[in-house]
Every structure is written in structure tokens, then in C-alpha cells.
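Observations on the model geometry
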Amino acid sequence: MTLDLILRNAVLPDGRAGIDLAVRDGRFVEIAPAIAAAASREIDAAGRLVTPPFVDAHFHLDATLTLGLAGKVNETGTLAEGIRLWDELRPHISAEALRARALAYCDLAVSQGLLAIRSHVDVSDDALMGAEVLVEVKKQVAPYLDLQLVAFPQMGYFAKPTLAGNLRRALDLGVEAVGGIPHLEPTAELGRESIRALCAIAAEQGLLVDMHCDETDDPASRQVETLAYETRRLGLSGRVTGSHLCSLHSMDNFYAARLIGHMAAAGLAAVANPLANMVLQGRFDSYPKRRGMTRVPELMAAGCAVALGHDSVLDPWYPLGRADMLEVAHMAVHAGHMTSQAGMRACFAAVTETPARILGLEGYGIEVGRYADCVILQARDPVEAIRLKPVRLAVVRRGRVIAEAAPAVSRLSLPGRPETLDPAAIAAIGV
Ligand SMILES: [Zn+2]
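Residues numbered from 1 in each chain as written. Predicted model: local features only at pLDDT ≥ 70, side-chain atom pairs only at ≥ 80, totals over all residues.

Remarks on the overall build of the chain
Of the regular secondary structure elements, the chain holds 14 helices and 18 strands. For a compact globule of 431 residues, the expected C-alpha radius of gyration is about 22 Å, and the chain comes in at 22 Å, within 12% of that figure. Taking the principal axes of the C-alpha coordinates as reference, the chain spans close to 65 × 50 × 45 Å. Looking at the chain as a whole, 52% of its 431 residues qualify as buried. The long-range share in the chain, meaning contacts at least 24 apart out of those at least 6 apart in sequence, stands at 73%. (Helix = DSSP H or I, 4+ residues; strand = E, 2+ residues; numbered from the N terminus. Rg over C-alpha atoms; globule rule 2.2 N^0.38 Å. Buried ≥ 20, exposed ≤ 12 C-beta atoms within 10 Å, placed from the backbone. Contact = placed C-beta atoms within 7 Å.)

A closer look at the environment of Ala394
Its location among the elements puts Ala394 in strand β15 (residues 392–397). Note on Ala394: 21 C-beta atoms within 10 Å, which makes it buried. Spatially, the C-alpha atoms of Ala394 and Val50 are 9.3 Å apart, while their sequence positions differ by 344 residues. Every residue in contact with Ala394, bar those within four places of it in the chain, is listed here: Ile43, Ile376, Val401 and Glu404.

Some points on helix α8 (residues 253–266)
In this model, α8 (14 residues) spans 20 Å end to end at C-alpha, consistent with the 20 Å of a helix rising 1.5 Å per residue. Of the positions making up α8, those classed as buried are Leu259, Ile260, Met263 and Ala266. The arc enclosing the buried residues of α8, seen along the axis, measures out at 125°, which places them on a common side. In α8, the exposed positions angled more than 90 degrees off the buried face are occupied by Asn253, Phe254 and Arg258. Taken together, the buried residues of α8 touch α6 (223–233), β12 (269–272) and α10 (296–301). Directly after α8, the chain includes Gly267, whose backbone phi takes a positive value near 70°. (Expected span 1.5 Å × (residues − 1). Arc of directions from axis to C-beta.)

Let's talk about the sheet that holds strand β11 (residues 240–244)
Strands belonging to one sheet form pairs held by backbone hydrogen bonds; the direction of such a pair is parallel or antiparallel. Strands sit in the order β6-β7-β8-β9-β10-β11-β12-β13 across an open sheet of eight strands; the sheet is parallel. Every other strand in the sheet has two partners, leaving β6 (54–59) and β13 (306–308) as the edge strands with one partner each. For this sheet, the mean inter-axis angle between neighbouring strands, taken without regard to orientation, is 25°. Pairing of β6 with strand β7 (residues 114–122) involves four bridges; the strand directions are parallel. Across the sheet, residue Phe59 finds its bridge partner in β7, namely Ser119. (Pairing = 2+ DSSP bridges. Axes fitted to C-alpha atoms, helices over the stretch in contact; angles between N-to-C directions.)

Some points on the pairing of β12
Within a regular strand, side chains alternate between the sheet's two faces. Neither face of β12 is left uncovered, since the one carrying Ala269 and Val271 and the one carrying Ala270 and Ala272 both have all their residues buried. As paired elements, β11 and β12 share three bridges and run parallel to each other. Counted as the bridge partner of Thr241 is Ala269 from β12. Relative to β13, β12 runs parallel, the two sharing three bridges. When the sheet's bridge partners are listed, Ala272 is paired in β13 with Leu308.

A look at the domain arrangement of the chain
Domain annotation for the chain reports domain 1 (3–52 + 365–411) and domain 2 (54–359). Those elements that provide at least two residues to the side of domain 1 that touches domain 2 are α14 (382–388), β15 and β16 (400–404). Split into classes, the residues belonging to the side of domain 1 that touches domain 2 amount to ten nonpolar, two polar and four charged. (Domains from an automatic or database assignment. Nonpolar A, V, L, I, M, F, W, Y, C, P; charged D, E, K, R; others polar.)

Structural notes on the pairing of strand β14 (residues 374–377)
Neither face of β14 is open: one carries Cys374 and Ile376, the other Val375 and Leu377, and all of them are buried. With two bridges connecting them, strand β5 (residues 50–51) and β14 associate as antiparallel partners. When the bridges of β14 are listed, Val50 appears paired with Ile376.

Quick notes on the sheet that holds β14
Reading across from one edge, β5-β14-β15-β16 is the order of the four strands in this open sheet, with antiparallel pairing throughout. On the outer flanks of this sheet lie β5 and β16, each paired with one strand and no other.

Remarks on the nonpolar core
Core analysis: the largest hydrophobic core is formed by 132 residues, its most contacted members being Ala151, Ala329, Ala332 and Cys347. Examining the composition of this core, we find that seven residues originate from one element, helix α11 (residues 325–335), more than from any other. Built from parts of two domains, this core gets at least three residues from each of domain 1 (3–52 + 365–411) and domain 2 (54–359). Beyond its immediate chain neighbours, meaning those up to four positions away, Ala151 contacts Val121, Val123, Ala131, Leu167, Ala170, Leu171, Val175, Val178 and Gly179. (Core = buried A, V, L, I, M, F, W, Y, C linked by C-beta atoms within 7 Å.)

Looking at unusual backbone geometry
A negative phi angle is the norm for most residues apart from glycine, just as the trans form is the norm for most peptide bonds. Omega for the bond connecting Tyr287 with Pro288 falls within 30 degrees of zero, at -5°, which places this linkage in the cis form. Along the polypeptide, Pro288 turns up in the loop between α9 (274–280) and α10. Phi at Asn9 is positive, roughly 55°, even though this residue is not glycine. If you trace the backbone, Asn9 turns up in strand β1 (residues 3–10). For Asn9, a count of 17 C-beta atoms within 10 Å translates into the label partly exposed. The backbone of Leu128 shows a phi angle near 55°, a positive value even though the residue is not glycine. Position of Leu128 among the secondary structure elements: in the loop between β7 and α3 (129–141).

Side note on the packing of helix α5 (residues 188–205) against α6
Two numbers describe how α5 lies on α6: the axes approach to 9 Å, and their chain directions differ by 25°. By the angle class used here, α5 and α6 are roughly parallel. In the packing of α5 onto α6, the handedness of the crossing is right-handed. For the pair α5 and α6, contact is made by Gly191, Arg192, Ile195, Arg196 and Cys199 and by Gln223, Thr226, Leu227 and Glu230, respectively. (Parallel < 35°, antiparallel > 145°, perpendicular 65-115°, else oblique. Left-handed = near helix turned anticlockwise from the far one by under 90°.)

Below, the structure written as C-alpha cells:
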């Protein structure tokens, strides 16, 4: 039987080279060297990396692309100003504009090979406009992008009496995970109470949890301790994520080691957001200025599932970004001192297979029987991919090419030198 697609001569993230990938009915049916079969379409990967799609474990699709709206930009660069601006901006955002921005971001994501996003959606507004729109967007993009939504009380679960009801209504609308922001509650005790209440909802309804947790430079912010405890107590292991966890950066090593042990034992996943937190944290420091990213290598070494999120693109919190998860991994390598080969490969996994596991994506990965979802990069291996943040030559979803780009090649005019340059062709020359 004719195949739908064959990708030839691929390198896979685990280092296997010269591999062909055969696709039929939207799934990989054979993965082996030199497959002798015909297909409706063949693509020569030419020794380049073919990776499972990128996955963003932490994003805000309701706020993205709002930078400069109503003339507002974050002047201090602080998290607090970002939250205040968002609160001021929300009334200016129509359902149509929110939908248009979310869909535009999803287009950009697809072009970057980013085919799954966990997005928090603010449920502070009693009309729940953001949740309603993003539930529709989720359905609309489902053929090409997995969007997982988290009900997120941005101003705090106890900020106003209607929030508990808003959060439950958002879940009824089709938002599928429970969010929270315990460090922003009026007191640390109310933060802990919010964790208990929100984890109880998740346990009762069989849902995932992902809380913004300890996104502060204050080493005394220890809400993740309660999140780990509730995860164990309620039997939610493997279903709960702590996002940001910036205070871990500033804690003393003794307490941090003990806490990381509790988190690992609880089966709590962690998401660091290096781009956003490198700029939002440390704003009250003079010198030295803290980096703000949580302890990624230590959490990984303890056995926690650690993913890296983009968090924000062109919004009140982060004025840059282009849906490139390799840019996120690149920053994590720097902020976390993860420049060993193993460290860089771990950062690549933290924007691909690890977040896929955290989100519970079905059929993810380059294996026979799984969905034929993959990306051909203009790079030869995961480390080179992080270094170059290369062109996504082809993005494949369920066996269909949904985005393509020409390789980046420069034409040179240099005496006695080659006429063209592929950036991936310049590498270290080890002898
Ligand atoms: Zn966030």
C-alpha cells in the first residue's frame, strides 16, 4: 500500500542517523534506515534533525500581542506593573480582538513547529469572556495545535467573592485545568488556603493543576511546599505543576534541597519561564542582580519533570518573543549554567518531550504507532538547534505538512571564499 509521506535521511534527537520515517493515516508506520516503499510525498531531511514538535508548558494566550495597547507598556519591568497593566487593559479588549490575537499567535506557533500550548486564561472578569473565546479558539485550532487551558485567577483566588464561582464556571465551559497564584493572595495563610481549595476542586473533578507559585524574589515565599504536600495528600501525583517557582532561586541551599526532595517525592512537575523571569525578577536588586529562574538543574537531578515555558510574548510582562521554544531553551542554558552537552540536551527535552508528558499529550513522539507530528530543523542535533535557533524547514501534523520554509542561506561576496553559507555548516572543527 502506498504511504502518505516519507521523510528520508533524518537524524533523531536520540542521535540515530540515516533514518527514514514512513507515514500512513496520520501515524508513523515504520521508522528505519532506507525504507523501500513509495509515498505520495517524499521529503529529504538531508541529515538534518527531525524532532517531535515543540511544546510550551506555560503561556498566556489571552494577553499575547497586547503590547502597547491603549498606549500602555510596562515602564518598570516589574511583575507587579505587568499585573496592574493587564487589569487596566482587560476592559479594552473585545472578544473579537482577543480571538484575532490568539489565532495570530497560533499561526506563528505553527510556523515555529510549536504544536501544543498550555495557556492560562484569566477568570477574574465575571463575564468570563477570555475563557469563552479561548475555548472556541481551542476547538478551531485543534486540527493543527493542541491547546490546553488552565483557569487562572490572575488577581488571586480570594481577591473577590465571585472568583470561586468564576473558576468553576470556566471549568464547566471546557477549560480543563485548575490554576492559582498563592503567593499573590493577601496573606501567606490565604495562599495556602487557596492551594487547598483549588487542589480539592481538581481532585473532585479529576483535573490537572498548574499554579503560578512563588513568582517572587522573596526567599520566604514557600507556597510550593503546600502544593507538594496537597499533591501527595490528595493522590494527585503526576497531575500537578508548579510554575515559575522563582523564590527557590533565592532560598538558602539547605532549605532548597529539602524542598526539592519533597517536590520530587510528591511527583510535582515544575515549569521555569527563563525569558520572562530573567527580566521580571531581580528588579529590586542593585548589584548583584538575581536571575530569577528557579533551580532547573537541581530539580532535574532530583527527578522532577521540568519543562521550560515561554510565558509571554509581546504583552504587559514581556516585550519580545516569537514563539520560538529554542529561544526559551537557549536562555535556560545561560541562566541555569547548563552548558554541558547533557545540560543542553536536557533543555531541549524541556521544550519537547517533558512538557508533552506534563500536558498528558496522547500519541506524542517519534515512534511507530504514534501521531506523525514532527519538525525538520536546519540543524543536525539538539545542541546545534539550541545554538542556531534554526529555520523550521517543514512542520508536519498528522502526516500533513502544515508549514514550510526555505533554508536560511547567505550569499557571500568575499575574495577566495565560498559563494554561499549555510549557518549550520559552520561548526567546531575537532581534530
Ligand atoms: Zn504565567
